[in-house]
Amino acid sequence: MKTAIKTAVAELLPVLVGQPPESDMGAEHTVDADGGGLSLASKLRSLSSGSFVQLLATIFKIVQAHLVRAAEVKRAIEWVMCNLDGHYAADSVAAAIALGAMVAESSQESNGQGGALPLSASLRSTSKVLSSPGKGSDAISPSNLSKNFRADVLRENAEAVFAACDAAHGRWAKLLGVRALLHPKLRLQDFLSIYNITQEFITSTEKVGGRLGYSIRGTLQSQAKSFVDFQHESRMTKIRAVLDQETWVEVDVPDEFQAIVSSLFDSEAIVSGSKDNAESNMTESYSNEGSQVGSVAQNEPTDSSSTTAVNAAQGKAEVIERKKSDAVTSSQSNNSNTKERGKNATQTLEYGGVSYHMVNCGLILLKMLSEYIDMNHLLPALSLEVVHRVVEILKFFNTRTCQLVLGAGAMQVSGLKSITSKHLALASQVISFIYAIIPELRQILFLKVPEPRKSLLLSEFDRVAQDYKVHRDEIHTKLVQIMRERLLVHLRGLPQIVESWNRPEDADPQPSQFARSLTKEVGFLQRVLSRTLHEVDVQAIFRQVVVIFHSQISDAFSRLEIGTPQAKDRLHRDITHILGCIRSLPSDNSNNSATPNWGQLDEFLAQRFGAEAS
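Residues numbered from 1 in each chain as written. Predicted model: local features only at pLDDT ≥ 70, side-chain atom pairs only at ≥ 80, totals over all residues. Heavy atoms only, no water.

Under the UniProt heading Sequence similarities (unreviewed entry), the entry covering the protein chain gives this text: "Belongs to the VPS54 family." Its UniProt record gives the protein chain a comment under Subcellular location (unreviewed entry), which states: "Golgi apparatus, trans-Golgi network". (UniProt positions renumbered as here; feature names shortened; annotations may be inferred.)

Pasting the structure below:
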């Protein structure tokens, strides 16, 4: 077995190395220290992933041929041993084997005494032992010798096939080990080709060998875990850099990302939970650089079961490609229909009937989540690892976004001059979108997670979702706080403005600078938030703003000393102007009054100027 695999590698490598290299990662061309060309290990590392799969597929065929032959020999020997009873040659065979063993033993004892007995002497002594009556004659009778001989042959027969399988597993694991540093860096589909053909190889050889190949399974699991770890770390590095460069400016949503949402979060597939539906929901995988996954190398053998795994991987890739294409086509069709109605559908990301305004980092996170889902479906044995990584990247994105926007860290790392209400609103939209998809994301990922581990992970996801909700609420609180701070700034300048109210009436019937500036800023905030946030969020924010305006402004006006009729007229003009602004704010009316956003300032107006004035 070892020789056959070694010969196959030696003969195939020159051919495969000479093939035009593919564009996948990890092709390294190191030379021997003596400069005499590539070593065997270096040649294996220089192969593209497609060529390496071709090598494995050929070795698979060779191993199968040897193991099938070994299994036939094993069955033939078992048949002979099982049909030996009663055969005229059975006792002769057993005696001959016993004789050979005793001759060898006698020879060893004689060598220990300084000389060897002649063969004739040892034969005579053996014959006497076999023919002499006595107590020990039953133990070495031809019948017992035949049974012992048969048991030994059957045991060694099985061990020979075990050894052949172990040798094949060892050689295969060695080939994987040579490229251990390259495989984690491959694109998902390329790694999956190697992973699937190895799984098929293990399953096939274990059926012949009759016992599990723990060593090769460990090697494959180790490389798969390294793949997930590397892919996760590269994505963590990328999202960290993207967030630090984010300027929190709204971007249009390419059709590709709408297609991801449409294909991933198909409610029917989530509810069914079936393997076929889960696989059909996978989106196309991309490398770390964002390039499209290439197909497995051509010219692979198709006449052997060793290609089953590779063909399965290609089939999954085709499903991914088809779903992706269908989703993009559907998205483009919807866009064209929507644009005919006069709306630019690329401005927002649609999910669950709700539109979300997006920034660059939010779209990149969505793309990464789709890639994690692909890994989860295509590497089900590592589902637990993948889910942990998804939780980690979601936590990091939420925490870092909070630091950059609410914590104003973007002013240092991204060069923003200030954190505006527009920045806060866009951050709220991204956080709201992720919060909205977390339940569906959890359902998709948990299709592959072992049942005993689900409860702990469910609580992890619940905590992450709660963190996103708290973050969103804190952003909205910050928007309210911004308006409160602006109000306090204007109120601080109110006494100086009131001093001018006692002068004779001027020709300008306009409200004071205080009232005009304040309502202008409120109107600006309303326009910004109404264009970006959902209506329910805008109403919740301005409900708090209305309460603050009523209490703060009425309290400030009540402390003013208004002594002249013209001052009283100007106060009435300002109150009316401010109340007009408050009436127009999109707040859900939380009181029983028929007047929109009625409050303390209305009461103050009625007290000062009577019910008619109010």
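Peer 1: I'd like a rundown of the overall build of the protein chain, residues and numbers included.
Peer 2: Scanning the protein chain from terminus to terminus reveals 22 helices and two strands. Across the 614 residues that make up the protein chain, the buried fraction comes to 45%. Across the protein chain, the fraction of contacts at a sequence separation of at least 24, relative to all contacts at a separation of at least 6, is 81%. Entry remark: accessible area of the protein chain is about 29,800 Å², with carbon and sulfur atoms responsible for 53%. (Helix = DSSP H or I, 4+ residues; strand = E, 2+ residues; numbered from the N terminus. Buried < 20%, exposed > 50% of the residue type's maximum accessible area, 1.4 Å probe, protein only. Contact = heavy atoms within 4.5 Å. Areas by Shrake-Rupley, 256 points an atom, 1.4 Å probe, with all protein chains shown as cover.)

Peer 1: For the side chain of histidine 232, give the residues involved together with the corresponding values.
Peer 2: Mapped onto the elements of the fold, histidine 232 is located in helix α8 (residues 214-245). A relative accessible area of 1% means that histidine 232 is categorised as buried. In contact with histidine 232, other than residues within four places in its own chain, are Tyr372, Arg389, Glu392 and Ile393.

Peer 1: Could you give an account of the pattern of salt bridges, naming the residues involved and the relevant values?
Peer 2: Counted according to the given criterion, the structure contains 21 salt bridges. The shortest N-O distance in the salt bridge between arginine 155 and aspartate 152 comes to 3.0 Å. In this pair, arginine 155 and aspartate 152 both sit in helix α6 (residues 142-178), three residues apart, roughly one turn of the helix. A relative accessible area of 34% means that aspartate 152 is categorised as partly exposed. (Salt bridge = Lys/Arg side-chain N within 4 Å of Asp/Glu carboxyl O.)

Peer 1: Describe the packing of helix α13 (residues 360-378) against helix α16 (residues 421-445), listing the residues and the values that go with them.
Peer 2: Viewed as axis vectors pointing N to C, α13 and α16 meet at an angle of 5°, and their least axial separation amounts to 12 Å. Taken together, the axis directions place α13 and α16 in an arrangement best described as roughly parallel. From α13, Gly362, Leu365, Leu366, Leu369, Ile373, Asn376 and His377 reach across to α16, where they touch Val430, Phe433, Ile434, Ile437, Leu441, Ile444 and Leu445. Split into classes, the residues belonging to the contact of α13 with α16 amount to 11 nonpolar, three polar and no charged. (Axes fitted to C-alpha atoms, helices over the stretch in contact; angles between N-to-C directions. Parallel < 35°, antiparallel > 145°, perpendicular 65-115°, else oblique. Nonpolar A, V, L, I, M, F, W, Y, C, P; charged D, E, K, R; others polar.)

Peer 1: Outline the packing of aromatic side chains, listing residues and values.
Peer 2: Per the stated rule, a full pass over the model turns up 10 aromatic pairs. Relative to phenylalanine 201, the ring of tryptophan 172 has its centre 3.9 Å away and its plane inclined at 15°; by these criteria the two rings are stacked. Taken together, the positions of tryptophan 172 in helix α6 and phenylalanine 201 in helix α7 (residues 188-209) put the pair 29 residues apart, joining distant regions of the chain. On the basis of relative accessible area, phenylalanine 201 is assigned to the buried category, the value being 0%. On the basis of an interplanar angle of 90° and a centroid distance of 6.3 Å, the ring pair of tyrosine 351 and phenylalanine 433 is categorised as edge-to-face. Pair noted here: tyrosine 351 is in strand β1 (residues 348-351) and phenylalanine 433 is in helix α16, with a separation of 82 residues, a long-range link. For the residue pair tyrosine 351 and phenylalanine 433, the accessibility class agrees, reading buried in each case. Grouped by ring-pair contacts, the aromatic residues Phe60, Trp172 and Phe201 constitute a single cluster. (Phe/Tyr/Trp six-rings, centres within 6.5 Å; stacked < 30°, edge-to-face > 60°.)

Peer 1: Can you explain the pairing of β1? Please cite residues and give values.
Peer 2: Where β1 and strand β2 (residues 354-357) come together, four bridges link them in antiparallel fashion. Within the sheet, the bridge partner assigned to tyrosine 351 lies in β2 and is valine 354. Linking β1 back to β2 in an antiparallel pair, the connection comprises two residues, with glycine 352 at a positive phi of about 60°. (Pairing = 2+ DSSP bridges.)

Peer 1: Give me the environment of glycine 523: which residues, what numbers.
Peer 2: Among the structural elements, glycine 523 can be located in helix α19 (residues 513-532). When the C-alpha atoms of glycine 523 and isoleucine 582 are compared, they prove to be 9.7 Å apart, with 59 residues separating the residues in sequence.

Peer 1: So, α16: which residues are in play, and what are the values?
Peer 2: Spanning 25 residues, α16 covers 35 Å between terminal C-alpha atoms, matching the ideal 36 Å at 1.5 Å per step. Taken as a whole, α16 carries its principal kink of about 40° at isoleucine 438; the proline proline 439 stands between one and four residues after it. Most of α16 is tucked away, with 18 of its 25 residues classed as buried. (Expected span 1.5 Å × (residues − 1). Bend = angle between axes of the 7 residues up to and from the residue.)

Peer 1: Could you give me a rundown of the packing of helix α14 (residues 383-406) against helix α17 (residues 451-492), with the residues and numbers involved?
Peer 2: The contact between α14 and α17 brings their axes to 11 Å, and the two run at 15°. Overall, the two elements α14 and α17 adopt an arrangement that is roughly parallel. Considering the relative orientation of α14 and α17, their crossing is left-handed. Residues Leu384, Val387, His388, Val390, Val391, Leu394, Lys395, Phe397, Asn398, Thr401, Cys402 and Leu406 of α14 pack against Arg453, Leu457, Glu460, Phe461, Val464, Asp467, Tyr468, His471, Glu474, Ile475 and Lys478 of α17. Residue composition of the contact of α14 with α17, by class: 13 nonpolar, four polar and six charged. (Left-handed = near helix turned anticlockwise from the far one by under 90°.)

Peer 1: Lay out the nonpolar core in plain terms, naming residues and giving numbers.
Peer 2: Formed by 138 residues in total, the largest nonpolar core has its most connected members in Trp248, Phe433, Phe461, Leu529 and Phe557. Looking at which element gives the most residues to this core, the answer is α16, with 13 residues. Apart from residues lying up to four places away in sequence, tryptophan 248 is in contact with Leu243, Val359, Cys361, Thr401, Leu404, Val405, Ala410, Leu416, His423, Leu426 and Ala427. (Core = buried A, V, L, I, M, F, W, Y, C linked by side-chain atoms within 4.5 Å.)

Peer 1: Give me the lowdown on unusual backbone geometry, citing residues and values where you can.
Peer 2: Phi at tryptophan 248 is positive, roughly 55°, even though this residue is not glycine. Along the chain, tryptophan 248 turns up in the loop between α8 and α9 (255-264). Notably, asparagine 597 is not glycine yet its phi reads approximately 55°, a positive angle. Mapped onto the secondary structure, asparagine 597 falls in the loop between α21 (565-584) and α22 (600-613).

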